[in-house]
Every structure is written in structure tokens, then in C-alpha cells.
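Understanding the architecture of this molecule
So the chains spell out like this:
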Amino acid sequence: MYGLTVKRVFNYIFGLFLISLGVGFSIKSNLGSTPVSTIPYTINVIWGIDIGIATIIFHIILVIIELILLRSDFKPKHFLQVFVGVLFGWFTSLSVYLTSLIPLPLNILTGILLIIISTFLVALGLFFYVPANIIPLSVEGVTQAIAIVSNRPFPKIKVYADVTYVVISAVLCYIFLGTLWASVGICTIISAIFVGTTLKYIQKAHRRITGQPVDLKKM
């Protein structure tokens, strides 16, 4: 938090907005949401809880998981992730409005194109806002915590985490609604598998072009 620069703050806010825009494109595809919002959306679908409140509940749970994983390395600033979740919710509402101006996909191919755009935007957003090391969204914060504890690359852990969110959402939908697909779609699955991979290639491309590595496990 100390030594904030205009560039860090810009990268942080810009990255969050890109992720929310990715969520907007995923919803526009009508083929499921991105893993970053799939569990709150599942809570909304099953119990009718406002998705904003569901997001806050989800973020609180993830912050508790971070606390358990990091123990003495858990920093007080990480509690602010709940408030960042509120900001992210506002960005998501804005992004959903902006993407609503785009015509509905005419066929499955158009929907898949929107999914590809969504996946790239989420990965690019992560590339900008995670290294800013200000306050991560709790979904990334817990991914960072697992990467630190397990000493594994952030992009790889990101894939595992996203797949886990999707599986949890599908299981909850099956238990309470009798279907796996109430809140999970093709977009959710594709995003869960390829956001982390896309992030890895963005990271490699940046290092090849600039010669500078980007630390995605800094908290």
C-alpha cells in the first residue's frame, strides 16, 4: 500500500475494469458467466439472494480461507478485499450495461467469439491489476495465497482455482435445482481452463518484449 504511484493505481483500476468487462462479455454470450463470478451467480440463481450481497459473502469466505492459508503472513490490508469486491460489483454493472449495447449473438460461433474476447480481457486484467500489489480481489488473493504456500506458478494455480469454482457451482446447481447448467455454461468452462493459460502467455510475451519479468505472486 505504501509508495503508491499513479502508474500502479491506474494499472490496478484499469485491470479491475478489464476483468469486469470480461464478465460483461461472458454474460452477453448467453453461454454462462466467468469463474470469477460463477459462485455468486449460483447463489443468486438458487436462493434468490441479490448478486451484490452474494458477491460480498463469497469474498468474505475467501478472505477467511486466505487467513487460514497465510497465517502470520496475512496482512491487515487483505481485509479490504471485501470493499474491493463492492467496487468490482459496480464495475460489473457498468460493463454489463456497456455490453448490452452490443447486438445479441446470432449463432453459436458469435457466442464463442464473445467468449474468446471475455477470456482475453479477464487474463489481461489480471496481468495489470495483480502486480500492482494494492488490494487484490479475494478470488485472486486466495489464488496468490495458494501459489505462495504451494510454491507453484500463479497462472497454473489460477486454472485449478477457476475449475474448482466451476465444479462447486455445478454441484450446488445439481443438488438444489437438479441440473448442472443453471449458472454454468460453455463460457464458464472455457474461461476456467484458458484464463490462466492465456495469462501465462501474456506474461511470457511481456517478458520477451520488455525483458522485465512480472511477479504475479506478490502480496
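Above: the structure in question.
On a predicted model such as this, the values are computed, not experimentally measured, just so you know.

Counting secondary structure elements, the protein chain contains eight helices and zero strands. Along the protein chain, from the amino end to the carboxyl end, the secondary structure elements read α-α-α-α-α-α-α-α. For a compact globule of 219 residues, the expected C-alpha radius of gyration is about 17 Å, and the protein chain comes in at 17 Å, within 12% of that figure. Along the first, second and third principal axes, the C-alpha atoms of the protein chain reach 45 × 40 × 30 Å.

Moving on: the layout of surface pockets. Estimated volume of the largest pocket: approximately 490 Å³. Those elements that provide at least two residues to the lining of the largest pocket are helix H1 (6-29), helix H2 (35-47), helix H3 (51-70) and helix H4 (81-99). Per-element accounting of the lining of the largest pocket gives the leading share, six residues, to H4. For the lining of the largest pocket, a count of residues per class yields 15 nonpolar, 13 polar and no charged. Put simply, the second largest pocket is a space of about 290 Å³.

This part covers the packing of helix H5 (residues 108-129) against helix H8 (residues 186-210). Put simply, H5 and H8 touch, their axes get as near as 8 Å, and they point 45° apart. Here H5 is positioned oblique relative to H8, judged by the angle of their axes. Crossing geometry of H5 relative to H8 is assigned as right-handed. On H8, the residues that touch Ile108, Ile115, Thr119, Phe120, Val122, Ala123, Leu124, Leu126 and Phe127 of H5 are Ile186, Cys187, Ile190, Ser191, Phe194, Val195, Thr198, Leu199, Ile202, Gln203 and His206. Looking at the contact of H5 with H8 residue by residue, the classes come out as 15 nonpolar, five polar and no charged.

This part is about the pattern of salt bridges. Taken as a whole, this structure holds two salt bridges when the rule is applied. Between glutamate 140 and lysine 158 there is a salt bridge, with the nearest N and O atoms lying 2.6 Å from each other. Placement of the pair is glutamate 140 in helix H6 (residues 138-150) and lysine 158 in helix H7 (residues 154-177), with a sequence separation of 18 residues. Each member of the pair, glutamate 140 together with lysine 158, is buried. Salt-bridge contacts for aspartate 162 lead to lysine 158; the nearest nitrogen and oxygen are separated by 3.1 Å. Here aspartate 162 and its partner lysine 158 are both found in helix H7, four residues apart, which amounts to about one turn of the helix. Since its relative accessible area comes to 3%, lysine 158 is described here as buried. When salt bridges that share partners are traced, they join Glu140, Lys158 and Asp162 into one network.

Time to look at the environment of leucine 21. Looking at the secondary structure, you find leucine 21 in helix H1. Note: C-alpha distance between leucine 21 and valine 96 (75 residues apart in sequence) is 7.4 Å. What leucine 21 contacts, discounting residues up to four positions off in sequence, is Ser95, Thr99 and Leu121.

Examined against the element boundaries, threonine 38 turns out to sit in helix H2. With a relative accessible area of 0%, threonine 38 lands in the buried category. Side chain to side chain, threonine 38 and serine 169 meet in a polar contact 3.2 Å long.

This part takes up unusual backbone geometry. Notably, asparagine 30 is not glycine yet its phi reads approximately 60°, a positive angle. Within the secondary structure, asparagine 30 sits in the loop between H1 and H2. Judged by relative accessible area, asparagine 30 falls into the exposed class, the value being 68%. A positive phi angle, close to 55°, is found at asparagine 151, a residue other than glycine.

The subject of this paragraph is H7. In this model H7 runs 34 Å from its N-terminal to its C-terminal C-alpha over 24 residues, within 8% of the 34 Å that 1.5 Å per residue would give. Of the residues making up H7, those classed as buried are Phe154, Pro155, Ile157, Lys158, Val159, Ala161, Asp162, Tyr165, Val166, Ser169, Ala170 and Cys173. Just downstream of H7, glycine 178 is the residue with a positive phi angle, here 75°.

About the criteria used
- Residues numbered from 1 in each chain as written.
- Predicted model: local features only at pLDDT ≥ 70, side-chain atom pairs only at ≥ 80, totals over all residues.
- Heavy atoms only, no water.
- Helix = DSSP H or I, 4+ residues; strand = E, 2+ residues; numbered from the N terminus.
- Rg over C-alpha atoms; globule rule 2.2 N^0.38 Å.
- 1 Å grid on protein atoms, 1.4 Å probe; cavity = no way out; pocket = protein on both sides within 12 Å on 5 of 7 lines; lining within 4 Å.
- Points joined across faces, edges and corners; volume = space filled by probe spheres on them.
- Nonpolar A, V, L, I, M, F, W, Y, C, P; charged D, E, K, R; others polar.
- Axes fitted to C-alpha atoms, helices over the stretch in contact; angles between N-to-C directions.
- Parallel < 35°, antiparallel > 145°, perpendicular 65-115°, else oblique.
- Left-handed = near helix turned anticlockwise from the far one by under 90°.
- Contact = heavy atoms within 4.5 Å.
- Salt bridge = Lys/Arg side-chain N within 4 Å of Asp/Glu carboxyl O.
- Buried < 20%, exposed > 50% of the residue type's maximum accessible area, 1.4 Å probe, protein only.
- Polar contact = N/O pair within 3.5 Å; in protein donor to acceptor, adjacent residues only side chain to side chain.
- Expected span 1.5 Å × (residues − 1).

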